[in-house]
Amino acid sequence: MQKGKASIIFEEPPCIYSAAAIVGQKEGEGPLGACFDQVEADPMFGQANWEAAESELQRRTALCNMEKSGISREKIRYLFGGDLLGQIVATSFGVSELEIPLFGLYGACSTMGEALSLGAMAVNAGYANQVLMAMASSHFASAERQFRFPLAYGNQRPFSSTWTVTGCGSVLVGKRGLRDEKKNFRPMAQIAGITTGSIVDMEFRDSMNMGGAMAMAAVDTILQNFRDLDVEPGWYDKIITGDLGSVGQKILFDFLEQAGFDVRGVHMDCGMTIFDSASQDTHSGGSGCGCSAVTFCSYILPKIQDGTWKRILFLPTGALLSQISFNEGQSVPGIAHGVVIERAERR
């Protein structure tokens, strides 16, 4: 199953059986508003602080996913999840009551790709024969409190900046032919393979330009995927990055073109899709763990399921900085994890 340096093609592809996405009001007012399971008008989600709000967002999304699937928490072997906050507190507090064995992940905004990759490997290897959950979240205010100036300061945002998505996306992944005593479960899509990203450090130091920081990591993983699988851009109906935004997209196009590949006809960016930049004042686009997660769960997966797209490369991108590393003058390395998603074969 190993392909090249960093890829795996699964002989028996794990399947995605259900998905859920819950977002905040701004995301609900964007182009994908009708696609989400829930749009919460209260940014506090009924909680006392922003971090607790994000935990509640995770809890609600996990429960929504289980309700949609009809799969009880007792049958979920593992939960792979993460967020942007220090020591992933949104996840640890948010899912504690579910009592599902947890692998807490931090891949910055690439976390949904990491969760899907590790989850698919676990299912394929037989370590989670029944089903597991992959999930990632972000919250505009909790992320801003950690990484940016205080909101009350009202500093001017450069046009290269992105807007952290308030949202959580969750999928249930299991082996093909999943069934219980009540019904057979029909998959939405299958995870055909993965290409695990490497850290790419271009000595980038602008914390207000996440697209620029992550673009070369996306280039690196896309090229690795092409080499490992011996394919070209046309093999995919879409190559979908997480949150490069308009600035990062230009860098992506330029460097892939230098490498001999033109992806303009098949590229899509979640950060450029979730918001309307003309009317929502999000500058370069959206970002955060929740950006690619909710776009994948609400918009991308249904297009795979209905056959609009037969095969995509889903490529969440992450900027690996912390408040401390940036204040110490460190660079902002990037990483991108590729997941090959296909329409589930009927058997």
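An account of the accompanying structure is given in this report. As the structure is a computational prediction, the values presented were derived from the model and not from experiment.

1. Structural notes on the packing of helix α4 (residues 111-125) against helix α10 (residues 289-305)
Part 1 of the reasoning: Here α4 crosses α10 at 60 degrees, and the two axes come no closer than 7 Å. With respect to α10, the axis of α4 lies oblique. On α10, the residues that touch Thr111, Met112 and Leu116 of α4 are Cys289, Ser292, Ala293, Phe296 and Cys297.
Part 2 of the reasoning: Across the contact of α4 with α10, the residue classes tally to 6 nonpolar, 2 polar and no charged.

2. Considering the packing of helix α6 (residues 210-229) against helix α7 (residues 245-258)
Part 1 of the reasoning: Packing of α6 against α7 brings their axes to within 8 Å, and their N-to-C directions diverge by 35 degrees. For the element pair α6 and α7, the recorded crossing hand is right-handed. Across the interface between the two elements, Gly211, Gly212, Ala215, Met216, Ala218, Val219, Ile222 and Leu223 of α6 pack against Gly248, Ile251, Leu252, Phe255 and Leu256 of α7.

3. A word on helix α2 (residues 50-69)
Part 1 of the reasoning: With 20 residues, α2 should cover 28 Å at 1.5 Å per step; its first-to-last C-alpha distance of 29 Å lies within 8% of that length.
Part 2 of the reasoning: Buried within α2 we find Ala53, Glu54, Ser55, Glu56, Leu57, Gln58, Thr61, Ala62, Cys64, Asn65, Met66 and Ser69.
Part 3 of the reasoning: Directly beyond the C-terminal end of α2, a positive phi value near 80 degrees is found at Gly70.

4. Remarks on the side chain of Gln224
Part 1 of the reasoning: Relative to the assigned elements, Gln224 resides in helix α6.
Part 2 of the reasoning: At 3.1 Å, the side chain of Gln224 and the side chain of Arg227 are in polar contact.

5. Description of the state of the cysteines
Part 1 of the reasoning: One pass over the full model with this rule turns up 0 disulfides.
Part 2 of the reasoning: Among the cysteines around Cys64, which has no disulfide bond, Cys168 carries the closest sulfur, lying 10 Å off.
Part 3 of the reasoning: Cysteine Cys291 shares no disulfide, and the gap to the nearest cysteine sulfur, in Cys270, comes to 5.7 Å.
Part 4 of the reasoning: For Cys291, a relative accessible area of 0% translates into the label buried.

6. Digging into the nonpolar core
Part 1 of the reasoning: In terms of nonpolar packing, the biggest core is built from 84 residues, with Leu116, Val171, Ile191, Phe296, Phe314 and Ile341 touching the most fellow members.
Part 2 of the reasoning: When residues of this core are assigned to their parent elements, the largest contribution, 11 residues, is made by α6.
Part 3 of the reasoning: When near neighbours in sequence (up to four residues on either side) are disregarded, Ile341 contacts Ile16, Ala189, Gln190, Ile191, Phe296, Ile304, Lys310, Arg311, Ile312 and Phe314.
Part 4 of the reasoning: Within the second largest apolar cluster, 23 residues are counted, among which are Ala62, Ile71, Leu79 and Leu178.

Calculation notes
In this convention, every chain numbers its residues from 1, walking through the sequence in written order. Residues qualify for local features only when their pLDDT is at least 70, as the model is predicted, and side-chain atom pairs are given and counted only at 80 or more; totals for whole chains, interfaces and linings, by contrast, use all residues. The side-chain quantities take in all heavy atoms of the structure and omit both hydrogens and water. An axis is simply a line fitted to the C-alpha atoms; with a helix, the fit covers only the stretch in contact. Between two such axes, the angle follows the N-to-C directions and lies from 0 to 180 degrees. Runs of H or I in DSSP of at least four residues are treated as helices and runs of E of at least two as strands, each being numbered from the N terminus. Here the word oblique covers every angle except those under 35 degrees (roughly parallel), over 145 (roughly antiparallel) and from 65 to 115 (roughly perpendicular). Contacts: residue pairs with any heavy atoms within 4.5 Å of one another. Polar here means any residue other than Ala, Val, Leu, Ile, Met, Phe, Trp, Tyr, Cys and Pro, which are nonpolar, and Asp, Glu, Lys and Arg, which are charged; Gly is therefore polar. The handedness criterion is simple: a crossing whose near helix is rotated anticlockwise from the far helix by less than a right angle is left-handed, and one whose near helix is rotated clockwise is right-handed. A helix's residues, less one, multiplied by 1.5 Å, set its expected span. The classification of residues rests on relative accessible area computed with a 1.4 Å probe and restricted to protein chains. Under 20% of the type maximum is buried, over 50% is exposed, and intermediate values are partly exposed. What qualifies as a polar contact is a pair of N or O atoms within 3.5 Å, subject to a donor-acceptor requirement within protein and to the restriction that residues adjacent in sequence count only when both atoms come from side chains. For this text, the term disulfide refers to a pair of cysteine sulfurs within 2.5 Å. Buried Ala, Val, Leu, Ile, Met, Phe, Trp, Tyr and Cys residues form a nonpolar core when they are joined through side-chain atoms within 4.5 Å.

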